[in-house]
Amino acid sequence: MSGITKRTLLALAASSALAFGTLAFAQDKEDIVIGGSIPLTGVFAFAGVAIEAGIQDYLKILNEQGGIDGRQVRLAYEDTGYQVDQSVAVFNKLTSQNENMHLYYGDSTAFSRTINPELIRRNAMIMAGASFASEINDPENFPYQFIAGPDYSEMFSILLEYIAKEKPGARIVTVNSDSEFGRDPIESTRARAAELGLEIVEEIITPPGAVDVSTEVLKLRRARPDYTLFHGYILAPLPEFMTQAKQLGLETKFMGTFWSMDSSIWADVGEVADGFMGVMPYRYYYDEEEAPMLDRIREMRPEYQATGYMQGFLTAMLMTEAAKRTLEAGNELTAENLKASLNTIEDFDTGGIIGVPISVPGNTVPVGRIYQYDAADKRMEPVSDWISLQE
Amino acid sequence: MRIATANETYLADEALLSTRTQWAWMGILALVLIAAPFVLNNYWLYLACLVAINVASATGLNILTGYTGLVSLGQGAFMAVGAYTVAWLEANVGTPFFVNLVAGGALAALVGVFVGIPSLRVKGLYLAIATIGASIILQFFFVNWSSVTGGSRGINVAPATFFGTQLTTYFQLYWLFVPIAALMVLGAANLFRTRVGRAFIAIRDRDISAEVLGIPLLRYKLLSFAISSFYAGVAGGMWAYFFRSVSPESFTIVESIFYLAAVIVGGMGSILGGVIGAAFMTLVPEILRFGVEIASSYVSNAATLLSPIRTVAFGGLIIAFLVLEPQGLAEIVQRIRRFFHLWPFKK
């Protein structure tokens, strides 16, 4: 035991006891806890880390303003490695350790589905998460969950509306990965495109993790689409697609959905990424339009924050707003009351995180905007107004 | 070798538990298992259920890989067959959970026999790759046979019901999974007291000699695949009732590697090894969480900073045990036993 004397050990023990003591003190009964199964390792860690930062920052702002009804809000979270069994383990651990857990952040569609019966059974918390799966947008079967943005089908609807306006009767090819994530919006997109008078000329499904896309690009060449819509990917194999299409002289415009839209992932791709478009429900960190919340974020964090950050930030904002409205109405924080309060959110000002006032009529916030990547500036620039799917 | 344990009958010689001490330990284990759900909180109960499922599957793989010497990376796919069978029966037929679990096991066993056919020609790594091939084919069916499997989205599973009571809490599921897992482990232990089990071991040690001894390789290799897959199928069925949703992404090749790792870390060809290996692989990453938790009183933002270290530590522990205890974790238990056999007379 070189260097460590009994005294240092004692001091360590005492200080940890003290730390636990203060921790216990801080965990005053009045705290409201947001639980989180968040992927801090594994394939989705890049998003998890950003999401956690977003939630923490919003809570900091909220707590500085006095929290909810004088109660502080705290995030209790653990790493899941983006694996369902670990996500459920974390859920059980955190619910066993924290009494006042009424809000929860989940990390995947599979977790949302797996934990759903338990959420209904407990009737104690509402949950949102990193999944934008269309399946969750079903208040009947997922009564206590919501998505802080449009679901994947709605994202495609927003893209299609934009296309219909820009180029009526456009020819479209959809490229989806052969996974649950990738296949999510295919059917609804078919129907929506027909309604808008757009023609889907080819539906390409790529195997998960595919790198060689030359056969798919040949299909694209035969189809000669005006727009090519990707879904079910983060980055790969989009750059490869775009490079090969450019070499073949295809004039098509490439579009993507939320998880492909972070500008930092495109920064290393270079010139070929220029002109990539997609739907984004939130503002970017560097957006220059009037937005007090973005100013605040830039003040707290001088460096660029990814889109996952905004997602976490807005999710925390909507969750805590639901809790605030429930307590203001003098109701208990049950899942039923929280969800009802969430649905009362109408024309809500997010401080510029979303550019228009939002409502949560069901399980989603069906709003988004089309952004386009500018390779010279390494930024996403807005090319449309905010598009709301609400009637 | 323990002294003063001469047996007078073959029956006594073959007994699973031969000494009073062993009986006493088994009794204590049984008592602990019975008392556990009343003491543990929801989190530990969840983990106990998960360990039970993994023990069942790892024991199955141990029969195939540890005792028969046939390396398989198809355990995850066999579990998926069981899970899908249970999900489908629960949704479309509504038979009792017990029937569903057995049916899941039976169908997995049937699939296992087909997957096992190449084992007559190839061994070792070649067989492992052949089982990966079979997993890919099965995965293709799970994704594309949408009318039965629900395609890439999968199927939701209604909770198991027992005399009209829905088994939804971990407390209830514990009483379902732990006895089933215990029964399966007991079955596996007993298997190796029979002709069939000994035939498996003979094949593992030298298949040509086994054939010379009059063991039909075809029948016994396929039988080993069938039994092992049956275990996987039942474990997969329990998994389906546990997570209540089955999709093609639930059982990937990673799952198969997990079970093979559990068997190797625990101790191949040892029933205790399969059990300890499964428990180790399931519980250690969770126990390491507490390390992160303790550190969080010293480091701010510990979860974000230390979670990657947790993953590395888990990997490091696996390597450390493989290097320091190549016979598996079960060997540690054996060593402790040997120590006490001579205690206090050992120098």
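Residues numbered from 1 in each chain as written. Chains lettered and ligands numbered in written order. Predicted model: local features only at pLDDT ≥ 70, side-chain atom pairs only at ≥ 80, totals over all residues.

Enquirer: Which parts of the structure should I look at to understand the overall build of chain B?
Expert: Within chain B one finds 15 helices and four strands. The C-alpha atoms of chain B give 21 Å as radius of gyration, which agrees with the globular expectation for 347 residues (20 Å, within 12%). Along the first, second and third principal axes, the C-alpha atoms of chain B reach 60 × 60 × 40 Å. Scored against the burial criterion, the 347 residues of chain B give a buried share of 46%. Here the contacts in chain B between residues at least 6 apart in sequence split such that 76% fall between residues at least 24 apart. (Helix = DSSP H or I, 4+ residues; strand = E, 2+ residues; numbered from the N terminus. Rg over C-alpha atoms; globule rule 2.2 N^0.38 Å. Buried ≥ 20, exposed ≤ 12 C-beta atoms within 10 Å, placed from the backbone. Contact = placed C-beta atoms within 7 Å.)

Enquirer: Which parts of the structure should I look at to understand the overall build of chain A?
Expert: Looking only at helices and strands, chain A features 13 helices and 12 strands. Here chain A has a C-alpha radius of gyration of 22 Å; the compact-globule value for 391 residues is 21 Å, and the two agree. For chain A, the spread of C-alpha atoms along the principal axes amounts to about 75 × 60 × 40 Å. Here chain A holds 391 residues, and the buried ones make up 51% of them. When contacts within chain A are restricted to residue pairs at least 6 apart in sequence, those whose partners lie at least 24 apart make up 70%.

Enquirer: Even after reading the chapter, I still don't get the interface of chain A and chain B, so can you show me in this structure?
Expert: Many analyses report the size of an interface as the accessible area lost when the parts associate. Each side of the interface is counted separately: chain A has 28 residues, and chain B has 24 residues. Looking at the side of chain A that touches chain B, the elements with two or more residues in it are α1 (6-26), α2 (45-64), β2 (73-79), α3 (84-97), α4 (109-122) and α6 (180-183) of chain A. Its residues assigned to classes, the side of chain A that touches chain B shows 11 nonpolar, eight polar and nine charged. (Nonpolar A, V, L, I, M, F, W, Y, C, P; charged D, E, K, R; others polar.)

Enquirer: Sorry, what's going on with the sheet that holds strand β3 (residues 101-106) of chain A here?
Expert: Paired through their backbone hydrogen bonds, the strands of a sheet run either parallel or antiparallel. Residues and elements named next belong to chain A. The strand order across the open sheet built from four strands is β2-β1-β3-β4, with neighbouring strands paired in parallel fashion. Taken across any chain shown, the strands that pair with only one partner, and hence form the sheet edges, are β2 and β4 (126-129). Strand-to-strand, the axes of this sheet are offset by a mean angle of 20°, without reference to chain direction. Inspection of the sheet shows strand β1 (residues 32-38) paired to β3 by four bridges, in the parallel sense. Within the sheet, the bridge partner assigned to glycine 35 lies in β3 and is tyrosine 104. (Pairing = 2+ DSSP bridges. Axes fitted to C-alpha atoms, helices over the stretch in contact; angles between N-to-C directions.)

Enquirer: How do you make sense of unusual backbone geometry when you look at a structure like this?
Expert: Among all residues except glycine, the phi angle is most often negative; among peptide bonds, the trans geometry is most common. All names here are of chain A. Residue alanine 236 is joined to proline 237 through a cis peptide bond whose omega torsion reads 0°. Take proline 237: it is sitting in the loop between β7 (227-231) and α9 (238-247). Even without being glycine, tyrosine 82 reaches a positive phi, approximately 60°. Locating tyrosine 82 in the fold gives a position in the loop between β2 and α3.

Enquirer: I would appreciate a short explanation of the pairing of β4 of chain A in the present structure.
Expert: Across a regular strand the side chains alternate sides, sitting on one face of the sheet and then on the other. Residues and elements named next belong to chain A. Side chains Ile126 and Ala128 of β4 all project onto a buried face; the interleaved residues Met127 and Gly129 project onto the opposite face, where all are buried too. Where β3 meets β4, four bridges bridge the pair, whose relative direction is parallel. Each residue of the ladder has a partner; that of tyrosine 104, found in β4, is methionine 127.

Enquirer: It is not clear to me how the nonpolar core should be interpreted in this structure. Could you clarify?
Expert: Side chains of a nonpolar character, in soluble globular proteins, are inclined to be buried together. Residues Ile126 of chain A together with Cys49 of chain B are the most contacted members of the largest nonpolar core, which totals 215 residues. Of the domains in this structure, domain 1 (15-150 + 290-360) and domain 2 (152-280 + 369-388) of chain A are the two that each give at least three residues to this core. Other than its neighbours up to four places away in sequence, cysteine 49 of chain B contacts Tyr170, Leu173, Tyr174, Phe177 and Phe242 of chain B. (Core = buried A, V, L, I, M, F, W, Y, C linked by C-beta atoms within 7 Å. Domains from an automatic or database assignment.)

Enquirer: Help me out: how do you make sense of the packing of helix α4 (residues 75-92) of chain B against helix α12 (residues 253-266) of chain B in this one?
Expert: Between two packed helices, both the angle of their axes relative to each other and the distance between the axes serve to describe the pair. Residues and elements named next belong to chain B. As a packed pair, α4 and α12 sit with axes 6 Å apart at the nearest point and diverge in direction by 115°. For the element pair α4 / α12, the angle class is roughly perpendicular. Counted together, Gln75, Gly76, Ala77 and Met79 of α4 and Ile253, Glu255, Ser256 and Tyr259 of α12 form the full contact between these two elements. When its residues are assigned to classes, the contact of α4 with α12 shows four nonpolar, three polar and one charged. (Parallel < 35°, antiparallel > 145°, perpendicular 65-115°, else oblique.)

Enquirer: Honestly, the domain arrangement of chain A in this entry has me stumped. Any pointers?
Expert: Residue and element names in this part refer to chain A. Domain annotation for chain A reports domain 1 (15-150 + 290-360) and domain 2 (152-280 + 369-388). Every contact between the two is made by 11 residues of domain 1 and, on the other side, 17 residues of domain 2. Partitioning the side of domain 1 that touches domain 2 into residue classes produces six nonpolar, five polar and no charged.

Enquirer: How should the pairing of β3 of chain A be read in this particular structure?
Expert: The element β3 of chain A is largely enclosed, with a buried count of six among its six residues. For the crossover from β3 of chain A across α4 of chain A to β4 of chain A, the handedness is right-handed. (Right-handed = clockwise from strand over helix to strand, strands pointing away.)

Enquirer: Looking at this structure, how should I read helix α12 (residues 307-328) of chain A?
Expert: An α-helical turn contains 3.6 residues, so a residue and the one three or four places further along point in the same direction. All names here are of chain A. Taking 1.5 Å per residue as the helical rise, α12 with its 22 residues ought to reach 32 Å, and the 31 Å between its terminal C-alpha atoms agrees with that figure. Most of α12 is tucked away: 17 of the 22 residues are buried. Where α12 ends, the next residue or the one after it, glycine 330, has phi of about 75°, a positive value. (Expected span 1.5 Å × (residues − 1).)

Enquirer: Before we go on, may I ask you to explain the packing of helix α5 (residues 152-166) of chain A against helix α7 (residues 186-195) of chain A in this structure?
Expert: All names here are of chain A. Taken N-terminus to C-terminus, the directions of α5 and α7 make an angle of 30°; their axes are 9 Å apart at the nearest point. Classified by the angle their axes make, α5 and α7 are roughly parallel. As for how α5 packs across α7, the hand of that crossing is right-handed. Contact residues: α5 offers Ser153, Phe156, Ser157 and Leu160, while α7 offers Ser188, Thr189, Arg192 and Ala193. Grouping the constituent residues of the contact of α5 with α7 by class yields three nonpolar, four polar and one charged. (Left-handed = near helix turned anticlockwise from the far one by under 90°.)

Enquirer: Sorry, what's going on with the confidence of the model for chain A here?
Expert: Interpreting fine coordinate detail is not advised for predicted regions of low pLDDT. Mean pLDDT for chain A: 90, with 92% of residues reaching 70 or above. Contacts from residues 17-29 of chain A, a stretch scored under 50 in pLDDT, to residues over four places away or in other chains number four contacts. (pLDDT = per-residue confidence, 0-100.)

Enquirer: I would appreciate a short explanation of the environment of serine 359 of chain A in the present structure.
Expert: All names here are of chain A. For serine 359, the position within the fold is in the loop between α13 (335-343) and β10 (367-374). Judged by the 17 C-beta atoms lying within 10 Å of it, serine 359 is partly exposed. Between the C-alpha atoms of serine 359 and threonine 344, which are 15 residues apart in sequence, the distance is 7.9 Å. When neighbours within four sequence positions are excluded, serine 359 is seen to be in contact with Ile345, Glu346, Asp347, Phe348 and Gln390.

Enquirer: What am I meant to see in the confidence of the model for chain B here?
Expert: Averaged over all residues, the pLDDT of chain B is 91; the fraction at 70 or higher stands at 98%. The complex model carries a pTM of 0.88, and its ipTM stands at 0.87.

Enquirer: Just to check I follow, could you spell out α4 of chain B for this structure?
Expert: Residues and elements named next belong to chain B. In a regular helix each residue adds 1.5 Å, so 18 residues correspond to 26 Å; α4 covers 26 Å between its end C-alpha atoms and thus fits that length. Burial runs high along α4: 16 of the 18 residues are buried. Two residues or fewer past α4, glycine 94 is found with a positive phi of approximately 75°.

Enquirer: What is the right way to read the environment of glycine 328 of chain B from this model?
Expert: Residues and elements named next belong to chain B. Here glycine 328 shows up in the loop between α14 (302-324) and α15 (329-342). Of the residues examined, glycine 328 has 26 C-beta atoms within 10 Å and is grouped as buried. Residues glycine 328 and glycine 273, spaced 55 residues apart in sequence, show a C-alpha to C-alpha distance of 6.7 Å. The residues touching glycine 328, leaving out its near neighbours within four places in the chain, are Val265, Gly266, Gly267, Met268, Ser270, Gly273 and Gly277.

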